[in-house]
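# Structural features, examined
Each chain is listed here by its residues.
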Amino acid sequence: MGTLWTRNLTPHPEAGLGQWSDAQISRAIRSGVSRNGQALHWQGMTWDHASNWDEEDIRALIAYLRLLPAVNKKIQPDRAPAADDCDVYTFWTSTSHTPGCGQ
């Protein structure tokens, strides 16, 4: 999978969701389609689960995102798998193991 960075979900007009309509945000959450119609990274969101959320939950999530403080921070591009992935990212290991893959 490599490194997948979380997008800027704040309402910043250039770096975040500030220019996205509520309908575009809803579509992104439910089906993984970006503002400009391109497919979002398929491993970055649980589209199959979010597609079943009811309209009230989607509206509440969008309202929450709109209330976040706007942050002007561009996100670096995703990174293809690299040799140091297991040294850096250890979310699959338990606290009883040393960091790394396959522990």
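Residues numbered from 1 in each chain as written. Predicted model: local features only at pLDDT ≥ 70, side-chain atom pairs only at ≥ 80, totals over all residues. Heavy atoms only, no water.

## Remarks on the packing of helix H1 (residues 22–31) against helix H3 (residues 55–67)
- One way to put it is that H1 packs onto H3 with a least axis distance of 10 Å and a crossing angle of 115°. One finds that H1 runs roughly perpendicular with respect to H3. Of the two elements, H1 crosses H3, and the hand of that crossing is right-handed. Contacts between H1 and H3 pair Asp22, Ile25, Ser26, Ile29 and Arg30 from the former with Glu55, Ile58, Leu61, Ile62, Leu65 and Arg66 from the latter.
- Here the contact of H1 with H3 is composed, by residue class, of six nonpolar, one polar and four charged. (Axes fitted to C-alpha atoms, helices over the stretch in contact; angles between N-to-C directions. Helix = DSSP H or I, 4+ residues; strand = E, 2+ residues; numbered from the N terminus. Parallel < 35°, antiparallel > 145°, perpendicular 65-115°, else oblique. Left-handed = near helix turned anticlockwise from the far one by under 90°. Contact = heavy atoms within 4.5 Å. Nonpolar A, V, L, I, M, F, W, Y, C, P; charged D, E, K, R; others polar.)

## Quick look at the environment of Asn36
- Considering the arrangement of structural elements, one finds Asn36 in the loop between H1 and helix H2 (47–50).
- As for Asn36 and Gln24, which are separated by twelve residues in sequence, their C-alpha atoms are 8.8 Å apart.
- A polar contact of 3.1 Å, which involves the side chain of Asn36, links it to the backbone nitrogen of Gln38. (Polar contact = N/O pair within 3.5 Å; in protein donor to acceptor, adjacent residues only side chain to side chain.)

## Some words on H3
- An ideal rise of 1.5 Å per residue puts 18 Å on 13 residues; H3 measures up with 19 Å between its terminal C-alpha atoms.
- Every buried residue of H3 is listed here: Ile58, Ile62 and Leu65. One side of H3 carries all its buried residues, which in axial view fall inside an arc of 60°. Summarising the geometry of H3, the exposed residues directed more than 90 degrees from the buried face are Glu56 and Leu67.
- Here the buried face of H3 lies against H1.
- For H3, the N-terminal capping position is held by Asp54, with its side-chain oxygen 3.2 Å away from the main-chain nitrogen of Glu56. (Expected span 1.5 Å × (residues − 1). Buried < 20%, exposed > 50% of the residue type's maximum accessible area, 1.4 Å probe, protein only. Arc of directions from axis to C-beta.)

## What about H1?
- Every buried residue of H1 is accounted for by Ile25, Ser26, Ala28 and Ile29. Taken around the axis of H1, the buried residues stretch over an arc of 160°, which confines them to a single face.
- Just downstream of H1, Gly32 is the residue with a positive phi angle, here 70°.

## Some words on the confidence of the model for the chain
- The predicted model of the chain averages 81 in pLDDT, with 77% of residues at 70 or higher.
- Looking over the chain, one finds the lowest element-wise mean pLDDT in helix H4 (residues 85–88), namely 64, and the highest in H3, namely 97. (pLDDT = per-residue confidence, 0-100.)

## Some points on the side chain of Thr10
- Locating Thr10 in the fold gives a position in the segment before H1.
- Those residues in contact with Thr10 that lie beyond four places of it in its chain are Gly16, Leu17, Gly18, Leu68, Pro69, Ala70 and Val71.

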